[in-house]
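Coordinate analysis (summary)
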Amino acid sequence: MRLRRRRTAIAAFLAVMGPGIITGFAGNDAGGVATYTAVGGRYGYELLWLLAIVSVSLLVVLDVCVRLAVVTGKGLSDLIRERFGVRWTVVAMLALIVANGSNVVAEYAGVAAALDLIGVPPLVSLPVTAAVLWSLIVFASYRLVERALFVLILAFVAYPVSAIIVGPDWGAALRSIVAPTVPTQRDAIVMALALVGTTITPYMLFYEQASVVDKGIDERSYGLARLDVAFGSILHGIFALFIVVVAATVLFPAGVRVETAEEAARALRPLAGEQAGLLFGMGLLGASLLGAVVMPLSTAYAICEAFGWESGISHDFDDAPVFMGLVTALLGLGAVVVLLVPRELLIQLIVVSQAVNGVLLPIVLVFLFKLATDRTLMRERALGRLGALVGWGTTALVAVMTAAYFVVR
């Protein structure tokens, strides 16, 4: 009897599992890989404690997205339009398009860099990648797309394997988490703020809530959906930690600085050895492909929900023309931009996307927690005093750090 109950519980979780884990891993996209590598390469293990704290904050935020989704059956942008009006919705959606469009470019740049390591030129890799991803989203069902994303997640195993190969000082890494030091250099503060900004991003919130709705998860499965988010957030932090550790072990002693995921993959090969370098490149490829799927979907979900247009992966062009059109445009333009725009401008574009994300995130968090504490909307699922305190504390922290980022930069 006990075994049967356990099997039933596992089966129930597997049926719900997906949105939280995929969202968590998608946060470790090409931009995340670049940021985490830069953090480890410049400051070693010094900022690992901050990564641990921000990963917990990510769990809190995504958990609220799940709560809103199962109670209301609506996406975040849909609720923002209903509760705060069209003007705020338009402002948020415009910022999201700029940020996510730039991030799609970063994902394609990561794909090109990873495949270039094994001799596949961007002129081949990018059009093929765009065509395959477009076909997957347009012609496959939600369940098939979700399974494909789980396959891409397997590539993240490359990061812990790379860490084992380079042989880090795990004792020093652990000490940096339990006995943190606060950096005072201006560059270190900027890097710490970038770490926060790349771990919690607006598109993750929109995607998490929309995918829970699209999958049809309701209040009966709320506990299992929260477990899914917990797994996703914890795994996000663990794999980000491995990326920082690899860079801290290899790049930090050599004094090598990197700004992009491409530079990270290339710099590791001569320093860490061919095997570790290729493994890191494999992880970058999986992360970039995952982000290249989730980013357009997040954008399309958010915009279509905001203006009442039909959305969802299981729809076709006839049923959801705007949704599929946005996905098509983002996938196509991302590849074209990486192929045609000079590398220096690409880096500037990615920096702009980070700045837009930084401005948008506190605004979205305010919307999120105002909705989650609204008892007329959430009924008994409304955040209590402790939850509200944690939520508004997280929002205040992000707002202050975003403001500090622009001041110190």
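Quick summary incoming for the structure in this document. What you are looking at is a predicted structure, and each value in this text was computed from that prediction instead of being measured.

What counts and what doesn't
Residues numbered from 1 in each chain as written. Predicted model: local features only at pLDDT ≥ 70, side-chain atom pairs only at ≥ 80, totals over all residues. Heavy atoms only, no water. Helix = DSSP H or I, 4+ residues; strand = E, 2+ residues; numbered from the N terminus. Contact = heavy atoms within 4.5 Å. Phe/Tyr/Trp six-rings, centres within 6.5 Å; stacked < 30°, edge-to-face > 60°. Core = buried A, V, L, I, M, F, W, Y, C linked by side-chain atoms within 4.5 Å. Buried < 20%, exposed > 50% of the residue type's maximum accessible area, 1.4 Å probe, protein only. Salt bridge = Lys/Arg side-chain N within 4 Å of Asp/Glu carboxyl O. Patch = residues over 30% accessible without salt bridge, like charges linked within 9 Å, V, L, I, M, F, W, Y side chains within 5 Å. Areas by Shrake-Rupley, 256 points an atom, 1.4 Å probe, with all protein chains shown as cover.

As for its placement among the helices and strands, V16 is situated in helix α1 (residues 2–16). Sequence separation of V16 and L227 is 211 residues, and the distance between their C-alpha atoms is 9.5 Å. Residues contacting V16, with those up to four places away along its chain left out, are K215, I217, S221, L224, A225 and D228.

This brings us to the packing of aromatic side chains. One pass over the full model with this rule turns up 13 aromatic pairs. Note on F156 and F239: the rings are 6.2 Å apart at their centroids and 80° apart in plane angle, and the pair reads as edge-to-face. Highlighted residues: F156 in the loop between α8 (142–153) and α9 (158–166) and F239 in helix α13 (residues 222–254), separated in sequence by 83 residues. Feature note: the residues F25, F156, Y159, W170, F239 and F242 constitute an aromatic cluster, connected by ring pairs.

Within the largest apolar cluster, 137 residues are counted, with the highest numbers of intra-cluster contacts made by L290 and L368. With 16 residues, helix α15 (residues 274–306) is the largest single contributor of residues to this core. Every residue in contact with L368, bar those within four places of it in the chain, is listed here: V61, V64, C65, L68, L76, L205 and Q209.

So, about the pattern of salt bridges. Within the structure shown, the criterion is met by 8 salt bridges. The shortest N-O distance in the salt bridge between E82 and K74 comes to 2.6 Å. Between R379 and E219 there is a salt bridge, with its nearest N and O atoms 3.2 Å apart. Highlighted residues: R379 in the loop between α18 (375–378) and α19 (385–408) and E219 in the loop between α12 (202–215) and α13, separated in sequence by 160 residues. Note on R379: relative accessible area 40%, which makes it partly exposed. Among the ionic contacts, a cluster of salt bridges with common partners joins E219, R379 and R381.

Side chains of L123, V124, V128, V132, V336, L339 and L340 sit close together on the surface and give an oily, nonpolar patch of about 660 Å² of accessible area. Elements that contribute at least two residues to the nonpolar patch include exactly α7 (122–139) and α16 (321–340). Among the elements that line the nonpolar patch, the one with the most residues is α7, at 4 residues. Here V132 is to be found in helix α7. Using a relative accessible area of 51% as the deciding quantity, one classes V132 as exposed.

Time to look at the environment of D318. Secondary-structure assignment places D318 in the loop between α15 and α16. As a C-alpha pair, D318 and C304 span 14 residues in sequence and 15 Å in three-dimensional space.

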